[in-house]
Amino acid sequence: MEKQRFVETGSSSFFGEYLYDQVVPAHHFLRQLKQIIQWERFTQKLIRLYKGGGVVGRPPFDPALVLKMELIAYLYNLTERQVEVYLNENLPAKYFVGLAADQSAPDHSTLTVFRERLIQRGKLKVFGEMLEEIVKIALQSGVQFGSIQIVDSVHSIANVNTDKDQKRQNKGKGPRDPDARWGVKHKRKVQTEDGKKEEQVQYFYGYKAHVSLNAHSGFITSLEVTSGEAWDGHHFCSLVDHDLAQRLPVEIYTADKGYDDGGNHFYLEHRKLKSAIRLKDNRIEKKDDNKEVWIALRNTPHYQQGLKERYKTERKFGEGKQGHRLGRCRYIGRAKFAVQAFFIAIALNLKRIVRVLAHVGFKTRYAPAA
């Protein structure tokens, strides 16, 4: 079998590692991240998506290097063009991706080609595999995962001006983002001027990321992407299946009322798991005898324990929105939003793995903003 060939970086430099040893502190976030993750594991996973496989044709950049460039974009909320400039001007970032100190970063178009290759040849499966690999590395590195999983969804607004888009469609043109849909952001009861209570609904136009989060470790373990109108409850069972396939030590699943469906409760029982899905009021308040089973569930310790952990998804989503632009789509189309959602999830997990395993602790100014 012919040996794979990649563009020479780092080791052929006149400076070698000496300069980086002087200027990149041991506690720097990116040095920690470079050392904790075995990035070569991603080379073989991704090179299969290259037409020549790294053997035939012009040597490509190591796909693990390009992956790290992509992660720099999501860790620090940069565009592809900004990543190229950032790498050329920031030695810790250049050290992290594996470039020599005197070597220019690959052109920003490399990231665009890389992303399109992953979408077209790897489909969405490759992104799920990368997320799984980070979780596996965390498990193998000694990160402790707890018994409670939290399932929730977060919305992201499409990269569309809806007013202009409506005018565009009124002229007979297609929508700017044909995959995006209107969905319910949240519902709440409000009191009108005459003292009556009515339900107020706020809508959004875009997509949803459906997430399973381990409450103890803070790691996103499973993720699915849909358009905005999708009902959250339909994605509960598949997220559970994906978690269990990773051999996570799960015993309890918790979620909000949007997941309170008899099928979801039954599925957890079928998989020998305990439900802490928040019950809707009508389950407890109805007058027939069937409510007793739900009252009994509400009074169990595992139900109360699970509900106490639910706030952690909101905290994680807040981190994703504030520091990594999870609240708005970077690109057009469901597939490209999926790329964004998975890379943000991976970036959040990478930040977490460094926090957990780097016991000395890196200074916050070196880490991506939360």
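Each remark here, short or long, concerns the structure printed above.
Residues numbered from 1 in each chain as written. Predicted model: local features only at pLDDT ≥ 70, side-chain atom pairs only at ≥ 80, totals over all residues. Heavy atoms only, no water.

**Student:** Would you mind going over the packing of helix α10 (residues 236-245) against helix α11 (residues 262-270) with me for this structure?
**Tutor:** Two measures define how a pair of helices packs: the angle their axes make with one another and the distance between the axes. Packing of α10 against α11 brings their axes to within 10 Å, and their N-to-C directions diverge by 20°. It follows that α10 is roughly parallel to α11 by the angle criterion. Viewed along their axes, α10 and α11 form a crossing whose handedness is right-handed. Residue-level inspection shows F236, C237, V240 and D241 of α10 in contact with α11, the latter providing N264, Y267 and L268. Broken down by class, the residue content of the contact of α10 with α11 amounts to 5 nonpolar, 1 polar and 1 charged. (Axes fitted to C-alpha atoms, helices over the stretch in contact; angles between N-to-C directions. Helix = DSSP H or I, 4+ residues; strand = E, 2+ residues; numbered from the N terminus. Parallel < 35°, antiparallel > 145°, perpendicular 65-115°, else oblique. Left-handed = near helix turned anticlockwise from the far one by under 90°. Contact = heavy atoms within 4.5 Å. Nonpolar A, V, L, I, M, F, W, Y, C, P; charged D, E, K, R; others polar.)

**Student:** Please explain the side chain of N349 as it appears in this structure.
**Tutor:** As for its placement among the helices and strands, N349 is situated in helix α16 (residues 334-357). Aside from chain neighbours lying at most four places away, what touches N349 is L131, I134, V135, G218, F219 and I220.

**Student:** Honestly, the side chain of S222 in this entry has me stumped. Any pointers?
**Tutor:** Tracing the backbone shows S222 in strand β4 (residues 220-227). A distance of 2.5 Å separates the side chain of S222 from the side chain of D243, its partner in a polar contact. Leave out the neighbours within four places in its chain, and S222 touches L131, H210, V211, S212, L239, H242, D243 and Q246. (Polar contact = N/O pair within 3.5 Å; in protein donor to acceptor, adjacent residues only side chain to side chain.)

**Student:** What should I look at first to understand the packing of aromatic side chains in this one?
**Tutor:** How two aromatic rings sit relative to each other is given by the distance of their centres and the angle of their planes. Counted by the stated rule, this structure contains 12 aromatic pairs. Measuring from centroid to centroid gives 5.8 Å for W39 and F42, while their planes differ by 35°, and the two rings are tilted. Like F42, W39 is buried. Seen from their ring centres, Y207 and F337 are 5.3 Å apart, and the 20° between their planes marks the pair as stacked. Of this pair, Y207 sits in strand β3 (residues 197-214) while F337 sits in helix α16, and the two are 130 residues apart along the sequence. Assessed through its relative accessible area of 1%, F337 is described here as buried. Through a chain of ring-to-ring contacts, three or more aromatic side chains come together here, namely Y74, F127, F342 and F343. The ring centre of F96 lies 5.7 Å from the NZ or CZ of K68, which sits over that ring. Here R115 stacks its cationic end above the ring of Y331, 4.3 Å away from the centre of that ring. (Phe/Tyr/Trp six-rings, centres within 6.5 Å; stacked < 30°, edge-to-face > 60°. Buried < 20%, exposed > 50% of the residue type's maximum accessible area, 1.4 Å probe, protein only. Lys NZ or Arg CZ within 6 Å of the ring centre and 35° of its normal.)

**Student:** What is the right way to look at the nonpolar core in this model?
**Tutor:** Generally speaking, a soluble globular protein has its nonpolar side chains buried in company with each other. Core analysis: the largest hydrophobic core is formed by 101 residues, its most contacted members being F42 and F343. With 14 residues, α16 is the single largest residue contributor to this core. With sequence-adjacent residues up to four places away left out, F343 is seen in contact with L67, E70, L71, Y74, L118, F127 and M130. (Core = buried A, V, L, I, M, F, W, Y, C linked by side-chain atoms within 4.5 Å.)

**Student:** What is the right way to look at helix α3 (residues 40-47) in this model?
**Tutor:** Within an α-helix, residues lying three or four positions from one another point in the same direction, as the helix has 3.6 residues per turn. Within the span of α3, buried status applies to F42, T43, L46 and I47. Down the axis of α3, the smallest arc covering the buried residues is 120°, so these residues share one side. Turning to α3, the residues buried within the fold contact α4 (63-75), α7 (109-122) and α8 (125-140). (Arc of directions from axis to C-beta.)

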